[in-house]
Amino acid sequence: MSKDKLNHILFLLLFTFFAFHRFYNLGFKELQMWDESLYAVRAKSIYYFNNWIDQTNHAVGGLYSSSHPPLFIWLTAILYKIFGINEFTTRFFSALFASLTIWITFMFIKKFFDLHQNNSSFLKPSILSIPMLGSIYLFNFYSRQAQLDIPYIFFVSLSIYFYLYSLNNRKIFLILSGVFFGLALMTKIIVGFFAPISIGLFLLLLILRKEIKFKEAAYQLATVTAIGILIALPWHIYMLLTHRYDFINTFFKFHIFERLSRGVEENIPELGFFYILNQLIVQFPPIVLVFFDLFDIVKNFKSIPKEKILIHSWFWSTFFDHINFKNENSNLCPAIACSSRYYFVNILI
């Protein structure tokens, strides 16, 4: 059997298992009282009252839960209207987006890194990326929860993926990168900005390597950011005009500034800044190799492939940004997802 045929068979087997096992018994456990129920109530509000834009009147805690962007809520409500309200339909899109994230991870590494692999290697890095990302505990856990984390991870992943495509002077992919950044912003408050932050760091490093002029770098970053903001802006403006100071106080003061600065709702890990590092090592031990490889990046900065620099930018931007989230919550997932991509790019090529 040829190596290519074996890799093809392994892809089908591994992807089928790791992409679809999360759907098994998805509706068995009742919804959690907290985040899952909050979002389910908003989707039920749309189901019963067709208030697609603003569910504040029926949301748990009013703006406390309704100030989160509604894309995931919309998708869930559509599923309610087609298949009815139950635990499976409530969690379906988290499981679907997790499976699609595994696929986009595979495509990402296959497109940009398999070609750099040593020809004597039997398995391709893209094949091995499937079980590594698919076996991360927190990734699997949140893929079976009706929460916002997995959907926004998927949209940020697609934004980075299409941005890397755009580096070959295909501007349509730059636009698509901005579109999926916008969808990330419409899924969860502020965290979608991990996409332009990672791209911005990447462009800064390219400027330092003198591979891109500042004007072109600014154009790329501004294009992605502007498209994403324009997509998310109408809903936010509507909520601001409707609720005025209450929306500002809840959206910005509580959900952003307080969560970023000091943590809320007793979600403050005892390890403080070391919580993220601790969880990365506990949940995904091979991630320690990322830190070692940083020395290689510094040593060979001029010759490192651009794709690898983007992976580093993605990982470190996510890592240091999540250190600022001093609350113990699912925002750790993107750092783990990014690290799984990085791991295969780093040690299997």
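Conventions and cut-offs
Residues numbered from 1 in each chain as written. Predicted model: local features only at pLDDT ≥ 70, side-chain atom pairs only at ≥ 80, totals over all residues. Heavy atoms only, no water. Helix = DSSP H or I, 4+ residues; strand = E, 2+ residues; numbered from the N terminus. Buried < 20%, exposed > 50% of the residue type's maximum accessible area, 1.4 Å probe, protein only. Contact = heavy atoms within 4.5 Å. Areas by Shrake-Rupley, 256 points an atom, 1.4 Å probe, with all protein chains shown as cover. Expected span 1.5 Å × (residues − 1). Salt bridge = Lys/Arg side-chain N within 4 Å of Asp/Glu carboxyl O. 1 Å grid on protein atoms, 1.4 Å probe; cavity = no way out; pocket = protein on both sides within 12 Å on 5 of 7 lines; lining within 4 Å. Points joined across faces, edges and corners; volume = space filled by probe spheres on them. Nonpolar A, V, L, I, M, F, W, Y, C, P; charged D, E, K, R; others polar.

Enquirer: Residue-level account of the overall build of the chain, with values.
Expert: Along the backbone of the chain there are 16 helices and zero strands. Looking at the chain as a whole, 54% of its 349 residues qualify as buried. Across the chain, the fraction of contacts at a sequence separation of at least 24, relative to all contacts at a separation of at least 6, is 76%. Of the roughly 16,100 Å² of accessible surface on the chain, a fraction of 67% belongs to carbon and sulfur atoms.

Enquirer: Mind laying out the environment of Ser-126, listing which residues take part and the relevant values?
Expert: Mapping Ser-126 onto the fold places it in helix α6 (residues 125–134). Judged by relative accessible area, which is 1%, Ser-126 ranks as buried. In this structure the C-alpha to C-alpha distance between Ser-126 and Thr-105, which are 21 residues apart in sequence, comes to 7.7 Å.

Enquirer: Let's hear about helix α4 (residues 71–83): which residues, and what values?
Expert: Taking 1.5 Å of rise per residue, the 13 residues of α4 would be expected to cover 18 Å, and the 18 Å separating its terminal C-alpha atoms lies within 8% of that figure. Where α4 is concerned, the buried positions are Leu-71, Phe-72, Ile-73, Thr-76, Ala-77, Leu-79 and Tyr-80. Looking at the buried residues of α4, the elements they touch are α2 (35–49), α5 (87–112), α8 (149–166) and α9 (171–185). Looking one or two residues beyond α4, the residue adopting positive phi is Gly-84, at roughly 95°.

Enquirer: Describe the pattern of salt bridges, listing the residues and the values that go with them.
Expert: Enumeration according to the criterion identifies four salt bridges in this entry. Between Asp-149 and Lys-188 there is a salt bridge, with its nearest N and O atoms 2.9 Å apart. With a gap of 39 residues between them, Asp-149 in helix α8 and Lys-188 in the loop between α9 and α10 (194–208) connect regions that are remote in the sequence. For the residue pair Asp-149 and Lys-188, the accessibility class agrees, reading buried in each case.

Enquirer: Break down the layout of surface pockets for me, with residues and values.
Expert: Of the volumes computed, that of the second largest pocket is approximately 280 Å³. Around the second largest pocket, the lining comprises 13 residues; the ones closest to its centre are Leu-185, Phe-193, His-236, Phe-251 and Phe-252. Every element with two or more residues in the lining of the second largest pocket is listed here: α11 (214–243) and α12 (245–261). Classifying every residue of the lining of the second largest pocket by side-chain character gives twelve nonpolar, one polar and no charged.

Enquirer: Requested: an account of unusual backbone geometry, with residues and values cited.
Expert: With a phi angle near 55°, Asn-25 is a residue other than glycine that sits in the positive phi range. In this structure, Asn-25 sits in the loop between α1 (3–20) and α2. Of note in this structure, Arg-244 is not a glycine but carries a positive phi near 50°. Tracing the backbone through its elements, the reader meets Arg-244 in the loop between α11 and α12.

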